[in-house]
Amino acid sequence: MSAEIHLHFVEVARELSPGLADAFERGGPVTLQADDSEPLAERLCRSIAGQQLSVKAARSIWTRVVDAAGETPLMEFFVEPNQAALRGCGLSGAKSKALCLIAEEARAGRLEADDLRGLDHAQRSQRLTALWGVGQWTADMISIFYFGEPDVWPEGDVAARKTLERLTSPRRKTLRTAARFAPYRSHLALYLWRHVDAPPV
């Protein structure tokens, strides 16, 4: 993020709330770094495995999943006969099922990153949330952190939403507040996650 955009964020924040502006100023600019170094299906599975868990717990469970797979590629390990093994790693039945269904799509060649890269966030979300077990929060995280989309507001992320409410006003709709920061709403989320030191997996 350029210094110019950061200053714009601070100016907009000051119009909304001194507390929000102070949080931005104290931390300085944020940087959105996309990481598509692993296959999309694997990232999706890791994201689902970590849903509603602390960062530490999510990492621990994913490590157990990788260890359970051993030399078998994850997309081949995530099959229905292995669901009991996945649950033994700490995954719920629903998460285990979701991982197997995502892997099935990947093995069929229907989950290639390049096919989704050219879509906008709304189109990409529609494709991703059509997969069993993939919700809007996961689609938002994939767009932000995998594809590097700069303008995604993850309304379903409790940490981002509650922090924005706390730094502005609980009576003000967070969607409306976030809209003031378009076309850089992903950066808004990064500021807020940094503020509470709770980045998603």
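The name given to the protein in an unreviewed UniProt entry is DNA-3-methyladenine glycosylase II, and the organism recorded there is Billgrantia antri. UniProt, in the comment section headed Catalytic activity (unreviewed entry), describes the protein in these words: "Hydrolysis of alkylated DNA, releasing 3-methyladenine, 3-methylguanine, 7-methylguanine and 7-methyladenine."

## As for the overall build of the protein
The secondary structure content of the protein amounts to 13 helices and zero strands. For 201 residues, the compact-globule formula gives about 17 Å, and the C-alpha radius of gyration of the protein, at 18 Å, lands near that figure. Its C-alpha atoms give the protein principal-axis dimensions of roughly 55 × 35 × 30 Å. Looking at the protein residue by residue over its 201 residues, the buried ones come to 44%. If you take every contact in the protein between residues at least 6 apart in sequence, the share linking residues at least 24 apart comes to 63%. Carbon and sulfur atoms form 50% of the exposed surface of the protein, whose accessible area is close to 10,200 Å². Distance from the positive charge centre (25 side chains) to the negative charge centre (26 side chains) of the protein: 8 Å.

## A closer look at the packing of helix H9 (residues 121-129) against helix H10 (residues 136-146)
Where H9 meets H10, the axes come as close as 9 Å, and the angle between the chain directions of the two elements is 130°. Taken together, the axes of H9 and H10 lie oblique to each other. For the crossing formed where H9 meets H10, the hand is right-handed. Two secondary-structure elements touch here, H9 through His121, Arg124, Ser125, Leu128 and Thr129 and H10 through Gln136, Ala139, Asp140, Ile142 and Ser143. Residue classes in the contact of H9 with H10 are distributed as three nonpolar, five polar and two charged.

## Notes on helix H2 (residues 18-27)
Those residues of H2 that fall on the buried side of the exposure criterion are Leu20, Ala21, Ala23 and Phe24. Projection of H2 onto a plane perpendicular to its axis shows the buried side chains occupying an angular sector of 160°, all on one side. Those residues of H2 that are exposed and aimed more than 90 degrees away from the buried face are Pro18 and Arg26. Summarising the contacts, the buried residues of H2 are in contact with helix H1 (3-16), helix H11 (158-167) and helix H13 (185-196). For H2, the capping residue at the N-terminal end is Ser17, with a side-chain oxygen 3.2 Å from the backbone nitrogen of Gly19.

## Focus on the packing of aromatic side chains
Each aromatic ring pair is summarised here by two numbers: the centre-to-centre distance and the angle between the ring planes. Summed over the entire model, instances satisfying the criterion amount to nine aromatic pairs. When the ring centre of Trp132 is taken as reference, the NZ or CZ atom of Lys97 above it lies at 4.2 Å. Directly above the aromatic system of Phe147 lies the positively charged group of Arg124, at a separation of 4.3 Å from the ring centroid.

## Let's talk about the pattern of salt bridges
Across all of its chains, the model carries 11 salt bridges by this definition. Note that Glu25 and Arg14 form a salt bridge whose closest N and O atoms lie 3.2 Å from each other. You can see Glu25 sitting in helix H2 and its partner Arg14 sitting in helix H1, a full 11 residues away along the chain. For Glu25, a relative accessible area of 42% translates into the label partly exposed. We note a salt bridge from Arg117 to Asp36, for which the minimum N-O separation is 3.3 Å. Remark: Asp36 occurs in the loop between H2 and helix H3 (40-49) and Arg117 occurs in helix H8 (residues 113-117); sequence separation between them is 81 residues. What makes Arg117 partly exposed here is its relative accessible area of 36%.

## Remarks on the side chain of Thr177
By the secondary structure assignment, Thr177 is in helix H12 (residues 174-179). Taking the relative accessible area as the measure of exposure, Thr177 reaches 0% and is therefore buried. Excluding residues that lie within four positions of it along the chain, Thr177 makes contacts with Leu16, Leu164, Thr168 and Arg172.

Scoring rules and cut-offs
- As a convention, each chain's residues are numbered from 1 in the sequence order in which they are written.
- Totals for whole chains, interfaces and linings use every residue, but because this is a predicted model, local features are given only for residues with pLDDT of at least 70 and side-chain atom pairs only at 80 or more, for both listing and counting.
- Think of the side-chain values as coming from all heavy atoms in the structure, minus any hydrogens and water.
- UniProt positions are given in the numbering used here, feature names are shortened, and annotations may be inferred rather than shown by experiment.
- Numbering of helices and strands runs from the N terminus; a helix is a DSSP stretch of H or I covering at least four residues, while a strand is a stretch of E covering at least two.
- In this setup the radius of gyration rests on C-alpha atoms only. A globule is expected at 2.2 Å times the number of residues raised to 0.38.
- Only protein chains enter the calculation, and the probe is 1.4 Å; a residue is then buried if its accessible area is under 20% of its type maximum, exposed if over 50%, and partly exposed in between.
- In this analysis, two residues are considered to be in contact whenever any of their non-hydrogen atoms come within 4.5 Å of each other.
- The Shrake-Rupley method, run with a 1.4 Å probe, gives the accessible areas here. Residue values count only the displayed protein chains as cover.
- The positive count covers Lys and Arg only, the negative count covers Asp and Glu only, and His and the chain ends enter neither.
- By convention, the point assigned to a charge is CZ for Arg, NZ for Lys, CD for Glu and CG for Asp.
- Axis lines are fitted to C-alpha atoms, over the contacting stretch for helices. Their N-to-C directions set the angle, which ranges from 0 to 180 degrees.
- Between 65 and 115 degrees an angle is taken as roughly perpendicular, under 35 as roughly parallel, over 145 as roughly antiparallel, and anywhere else as oblique.
- If you view the pair so one helix is near and one far, a crossing is left-handed when the near helix is turned anticlockwise from the far one by less than a right angle, and right-handed when it is turned clockwise.
- Ten residue types, Ala, Val, Leu, Ile, Met, Phe, Trp, Tyr, Cys and Pro, are classed as nonpolar, four, Asp, Glu, Lys and Arg, as charged, and the remainder, Gly among them, as polar.
- Think of it as the arc spanned by the lines of direction from the helix axis to the C-beta atoms.
- In protein, a polar contact requires one atom able to donate a hydrogen and another able to accept it; more generally it is a pair of N or O atoms within 3.5 Å, and residues adjacent in sequence count only if both atoms are side-chain atoms.
- Put simply, two rings from Phe, Tyr or Trp (the six-membered ring, in Trp's case) pair if the centres are within 6.5 Å, and we call them stacked under 30 degrees between planes, edge-to-face over 60, tilted for the rest.
- Only when the NZ of Lys or the CZ of Arg is both within 6 Å of the ring centre and within 35 degrees of the ring normal is a charge said to sit over the ring.
- Basic side-chain nitrogens of Lys or Arg form a salt bridge, by our definition, when they fall within 4 Å of a carboxyl oxygen of Asp or Glu.

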